[in-house]
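Each chain is listed here by its residues.
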Amino acid sequence: MEKQFDAIMSMNDEAKIAYLKAFTHLASIDGKFDDNEKAYIKSLAEQYLVPAEKMNEIFKIESDDAIIKAVSSIKNRRASLELIKELCFLAHTDDELSDEETLFIGRIGQAMGVELEKIEQISNWVIDRIISAEEAKVIFEEV
């Protein structure tokens with residue numbers, strides 16, 4: 001976990017903002033960008049020490065191409081893989097993975113130099129983690 005955080009923290013503010021803008025874009029693909037999604041992104045921004053005055057920029061809805069261009073500046077491989085992982089988790093939070101979300105995550109990954117096979121591998125790992133967490137709730141009677 002520390003390596004993941006270190007990779008993100010080693011990025012400059014511009015790259016961190018691009019990273020977070022990808023979350024905003026993915027969260028809004030379905031036409032809804034609710035308070036829970038905003039709170040999640042805001043907590044990430046705080047965790048990554050992004051200046052509070054940059055939140056409006058992070059929450060500004062932009063085109064796919066603008067976001068993809070912004071994330072292409074992320075050259076840290078570990079940070080790129082983390083972004084794909086976190087986008088996959090975010091995409092699965094509503095239990096519906098749309099074609100638009102899948103396409104966007106693929107384009108984001110490719111813009112950062114992540115191979116489609118690796119993106120698929122990460123997505124499958126995320127799905128396995130979600131299923132495992134749900135099974136744990138049943139096993140430990142947390143339902």
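As a starting point, this report considers the structure included with it. Small disclaimer: the values here were computed from a predicted structure and weren't measured. (Residues numbered from 1 in each chain as written. Predicted model: local features only at pLDDT ≥ 70, side-chain atom pairs only at ≥ 80, totals over all residues. Heavy atoms only, no water.)

**Some thoughts on helix α6 (residues 77–92)**
Compared with the 22 Å implied by 1.5 Å per residue over 16 residues, the 23 Å span of α6 between its first and last C-alpha is a close match. The N-cap of α6, judged by a side-chain oxygen 2.9 Å from the amide nitrogen of Arg 78 a few residues on, is Asn 76. (Helix = DSSP H or I, 4+ residues; strand = E, 2+ residues; numbered from the N terminus. Expected span 1.5 Å × (residues − 1). Polar contact = N/O pair within 3.5 Å; in protein donor to acceptor, adjacent residues only side chain to side chain.)

**Side note on the packing of helix α2 (residues 13–28) against helix α5 (residues 64–71)**
Interaxial distance between α2 and α5 falls to 8 Å at its minimum, and their mutual angle equals 150°. Here α5 runs roughly antiparallel to α2, going by the angle between their axes. Crossing of α2 against α5: the hand is left-handed. Contacts between α2 and α5 involve Ala 18, Lys 21, Ala 22 and His 25 from the former and Asp 64, Ile 67, Ala 70 and Val 71 from the latter. (Axes fitted to C-alpha atoms, helices over the stretch in contact; angles between N-to-C directions. Parallel < 35°, antiparallel > 145°, perpendicular 65-115°, else oblique. Left-handed = near helix turned anticlockwise from the far one by under 90°. Contact = heavy atoms within 4.5 Å.)

**Let's talk about the packing of aromatic side chains**
Evaluation of the coordinates by the stated rule reveals 6 aromatic pairs. Through a chain of ring-to-ring contacts, the aromatic side chains of Phe 5, Tyr 19, Phe 23, Tyr 40 and Tyr 48 assemble into a single cluster. (Phe/Tyr/Trp six-rings, centres within 6.5 Å; stacked < 30°, edge-to-face > 60°.)

**Comments concerning unusual backbone geometry**
With a phi close to 60°, Leu 49 is a non-glycine residue in the positive phi region. Mapped onto the fold, Leu 49 is located in the loop between α3 (35–47) and α4 (55–59). Judged by its relative accessible area of 61%, Leu 49 falls in the exposed class. (Buried < 20%, exposed > 50% of the residue type's maximum accessible area, 1.4 Å probe, protein only.)

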